[in-house]
Amino acid sequence: MQRPNRTTGTPVLSGRGLVKRYGTQHALDGVDIDIAAGEAIAIVGPSGSGKTSLLHVLAGILRADAGEIHLAGQRIDQLNESKRSLLRRSEFGFVFQSGMLVAELTAEENAALPLLLSGTSRGDALTAARGWLTRLGLRGKESRRPGELSGGEAQRVAIARALAHQPKVIFADEPTGALDTRTGGETMNALLAAGRETGAAVLVVTHDRDLAAAMPRTVAIRDGRIDVEVPV
Ligand SMILES: Nc1ncnc2c1ncn2[C@@H]1O[C@H](COP(=O)(O)OP(=O)(O)O)[C@@H](O)[C@H]1O
Ligand SMILES: [Mg+2]
């Protein structure tokens, strides 16, 4: 049975008729998606199906060629680059496949970055970052640089960084792709738990069928279209 691709109430984030082209290639070919506040969704699909494009368009990293995006009921796709950049820093959090941490900064400085960029004082930002690192099991490793952390630890720093400014939506693009199965599972659990704790919606691209199957909602993409919503 297919569930409708909508949620009840005002979604925190919604995309309508999203189209993204690269030349003649349709990376997104008319995608409708609603994400409820606090919801966790797995995005699955073959390589090249448009998963990253969907995340980047929804987050305003890429501009769609057609369609509309609303955040908490407000249209955001027509905002100019500086307003979208502000929005990304304040309302969204990002976790990438392999950390993308700043090599020269410590774990707590990396986790504090979005807060520092949005004008929080250094003291307050580091306190918040340390709190998240503790909750993610990284107490005692606050002063390490990324090169001194394991892959799983680095991803938890990236999760702390994605959460420290309490975003409405966290976008995670294959966050466990570079990790072994067990560490990947732990990292995903940490991400979902952190989302539940902050009330952030979590949109996570994963190739791992088991991880996707454990998520409350799975959206499959094929050739730039929503293929099927796998029911739970
Ligand atoms: N910067 C780009 N330039 C040209 N084509 C791109 C670019 N980014 C993605 N594409 C193409 O768009 C399609 C969707 O890519 P992508 O969203 O990265 O898929 P996925 O994340 O599912 O692997 C693919 O065919 C890919 O080759
Ligand atoms: Mg991708």
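Look a little higher up for the structure.
This is a predicted model, so every value here is computed, not measured.

Novice: How do you make sense of the sheet that holds strand β1 (residues 13-22) when you look at a structure like this?
Specialist: Two orientations exist for strands paired in a sheet by backbone hydrogen bonds: parallel and antiparallel. Here four strands make up an open sheet; going across it, the order is β2-β1-β4-β5 and the pairing antiparallel. Strands at the two margins of the open sheet, each flanked by one partner only, are β2 (25-35) and β5 (74-75). Bridging between β1 and β2 involves eight bridges; their strand directions are antiparallel. Looking at β2, one finds that Gly15 is bridged to Ile33. Strand contacts of helix α1 (residues 51-58): β1, β2 and β4 (66-71), with the helix running at about 60 degrees to β2, the strand carrying the most contacts.

Novice: For this particular structure, what's the right way to read the packing of helix α5 (residues 151-163) against helix α6 (residues 181-198)?
Specialist: A pair of packed helices can be characterised by two numbers: the angle between their axes and the separation between those axes. Where α5 meets α6, the closest approach of the two axes is 10 Å, and the angle between their N-to-C directions is 15 degrees. In terms of their interaxial angle, α5 and α6 are classed as roughly parallel. Considering the relative orientation of α5 and α6, their crossing is right-handed. Listed contacts from α6 to Gly152, Gln155, Arg156, Ile159 and Leu163 of α5 are Thr183, Thr187, Ala190, Leu191, Ala194 and Thr198.

Novice: What exactly am I supposed to notice about the packing of helix α3 (residues 107-117) against α5 here?
Specialist: Contact geometry of α3 with α5 gives a least axis separation of 6 Å together with a crossing angle of 30 degrees. Classed by the angle they form, the pair α3 and α5 counts as roughly parallel. α3 and α5 meet at a crossing whose hand is right-handed. In this structure, α3 uses Ala107, Asn110, Ala111 and Pro114 to contact α5, whose residues at the interface are Val157, Ala160 and Arg161. Residue composition of the contact of α3 with α5, by class: five nonpolar, one polar and one charged.

Novice: When you look at the site of ligand 1 in this model, what are you seeing that I'm missing?
Specialist: Neighbouring ligand 1 are the residues Tyr22, Gln25, Ala27, Pro46, Ser47, Gly48, Ser49, Gly50, Lys51, Thr52 and Ser53. One nitrogen or oxygen atom from the main chain of Gly48 is found 2.7 Å from an oxygen atom belonging to ligand 1. Within the side chain of Lys51, a nitrogen or oxygen atom sits 2.7 Å from an oxygen atom of ligand 1. Mapped by element, the contributors of at least two residues to the shell around ligand 1 are β2 and α1. Top element by residues in the shell around ligand 1 is α1. It accounts for three residues. Here the shell around ligand 1 is composed, by residue class, of three nonpolar, seven polar and one charged.

Conventions adopted
Residues numbered from 1 in each chain as written. Chains lettered and ligands numbered in written order. Predicted model: local features only at pLDDT ≥ 70, side-chain atom pairs only at ≥ 80, totals over all residues. Heavy atoms only, no water. Pairing = 2+ DSSP bridges. Helix = DSSP H or I, 4+ residues; strand = E, 2+ residues; numbered from the N terminus. Contact = heavy atoms within 4.5 Å. Axes fitted to C-alpha atoms, helices over the stretch in contact; angles between N-to-C directions. Parallel < 35°, antiparallel > 145°, perpendicular 65-115°, else oblique. Left-handed = near helix turned anticlockwise from the far one by under 90°. Nonpolar A, V, L, I, M, F, W, Y, C, P; charged D, E, K, R; others polar. Near = heavy atom within 4 Å. Polar contact = N/O pair within 3.5 Å; in protein donor to acceptor, adjacent residues only side chain to side chain.

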